[in-house]
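# Structural description and commentary
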Amino acid sequence: LVRLFAAHVDSLSFLLDDVLKIVRSCITHDNEAVARIGVEGLKQLLKLTGVKMGEESWLKVTDCVKQLFVGSMPVKLMTVEANASGEAQLPFRRDDVVIQCIVQLLLIDMLQETITQHYEHIPPTGVMTLL
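Let me sum up the structure you'll find in this document. Sequence order as written defines the numbering, with residues in each chain counted from 1. Local features in a predicted model are, by the rule used here, given only for residues with pLDDT of at least 70; side-chain atom pairs are given and counted only at 80 or more, and totals for whole chains, interfaces and linings are based on all residues. Excluded from the side-chain calculations are hydrogens and water; all other atoms, namely the structure's heavy atoms, are used.

## A short note on the overall build of the protein chain
Scanning the protein chain from terminus to terminus reveals seven helices and two strands. In this description a helix means any DSSP run of H or I spanning at least four residues, a strand means any run of E spanning at least two, and both kinds are numbered starting from the N terminus. Counting from the amino terminus, the protein chain carries its helices and strands in the arrangement α-α-α-α-α-β-β-α-α. If one aligns the C-alpha atoms of the protein chain with their principal axes, the spans along those axes are about 60 × 30 × 20 Å. Sequence-distant contacts, at least 24 apart, represent 66% of the contacts inside the protein chain between residues at least 6 apart. Accessible area for the protein chain stands at about 8,100 Å²; split by element, carbon and sulfur atoms hold 59% of it. Only four residue types enter the tally: Lys and Arg on the positive side, Asp and Glu on the negative side, with His and both chain ends excluded. Where a charge lies is defined by one atom per residue type, namely NZ (Lys), CZ (Arg), CG (Asp) and CD (Glu). A gap of 3 Å separates the mean positions of the 12 positive and 16 negative side-chain charges of the protein chain. Throughout, a residue-residue contact means that at least one pair of heavy atoms, one from each residue, lies within 4.5 Å. Computed with a 1.4 Å probe, the accessible areas rest on the Shrake-Rupley method; for each residue, only the protein chains presented here act as cover.

## Things to note about the packing of helix 3 (residues 16-27) against helix 5 (residues 55-71)
Their axes nearest at 11 Å, the elements helix 3 and helix 5 cross at an angle of 15 degrees. Judged on the interaxial angle alone, helix 5 and helix 3 are roughly parallel. When you trace helix 3 past helix 5, the crossing you get is right-handed. Across the interface between the two elements, Leu-16, Asp-17, Leu-20, Arg-24 and Ile-27 from helix 3 touch Ser-57, Lys-60, Val-61, Cys-64, Gln-67 and Leu-68 from helix 5. For this scheme, ten residues count as nonpolar: Ala, Val, Leu, Ile, Met, Phe, Trp, Tyr, Cys and Pro. Four count as charged, namely Asp, Glu, Lys and Arg, and the remainder, Gly too, count as polar. Along the lines of polarity and charge, the residues of the contact of helix 3 with helix 5 split into six nonpolar, two polar and three charged. Under this scheme, a helix contributes an axis fitted over its contacting stretch, all axes are lines through C-alpha atoms, and angles between N-to-C directions fall in the 0 to 180 degree range. An angle counts as roughly parallel when it lies under 35 degrees, as roughly antiparallel when it exceeds 145, as roughly perpendicular when it falls between 65 and 115, and as oblique in every other case. Here a crossing is called left-handed whenever its near helix is offset anticlockwise from the far helix by less than a right angle, and right-handed whenever the offset is clockwise.

## A closer look at the packing of helix 4 (residues 32-49) against helix 6 (residues 94-118)
Viewed as axis vectors pointing N to C, helix 4 and helix 6 meet at an angle of 10 degrees, and their least axial separation amounts to 10 Å. For the element pair helix 4 / helix 6, the angle class is roughly parallel. Note on element contacts: helix 6 touches helix 4 through Ile-99, Ile-102, Val-103, Leu-106, Leu-107, Asp-109, Met-110, Glu-113, Thr-114, Gln-117 and His-118, opposite Glu-32, Ala-35, Arg-36, Val-39, Leu-42, Lys-43, Leu-46 and Lys-47. The residue makeup of the contact of helix 4 with helix 6, split by class, is ten nonpolar, three polar and six charged.

## Examining the pattern of salt bridges
One speaks of a salt bridge when a side-chain nitrogen belonging to Lys or Arg is within 4 Å of a carboxyl oxygen belonging to Asp or Glu. A full pass over the atoms with the stated rule returns six salt bridges. Among the salt bridges present, the one from Glu-40 reaches Lys-43, with a minimum N-O distance of 3.9 Å. Of the two residues, Glu-40 and Lys-43 both sit in helix 4, three residues apart, roughly one turn of that helix. When a residue's accessible area, from a 1.4 Å probe over protein chains only, is under 20% of the maximum for its type it is buried; when over 50% it is exposed; and in between it is partly exposed. On the basis of relative accessibility, which here comes to 15%, the residue Lys-43 falls in the buried class.

And the structure:
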């Protein structure tokens, strides 16, 4: 899907929102393999189309990346609940938090590569969104 979009980005640019929505749904999936595929898809999308994207498209992408970072933040790591016997227990499944941590690391890697490769194409507002 990403390669098809990238090959015809000039005529398919109106579908960027839909492509980002599909990639975002993969990244936020509760299966680690699907989440990894989603991050790699986003990385390839930006690698292949970043030079051709205008300011409006970059702002959509940077907003999507920000939402992905916020949505995959493993905030449940900061909470502890007491069970009926008063013992502390973690209020989450370990697998869920591990996947969120992996997604965060993959997004950081993707962002570093994207900024390095396309810094001159990303509008200042987009850079500020990512910071």
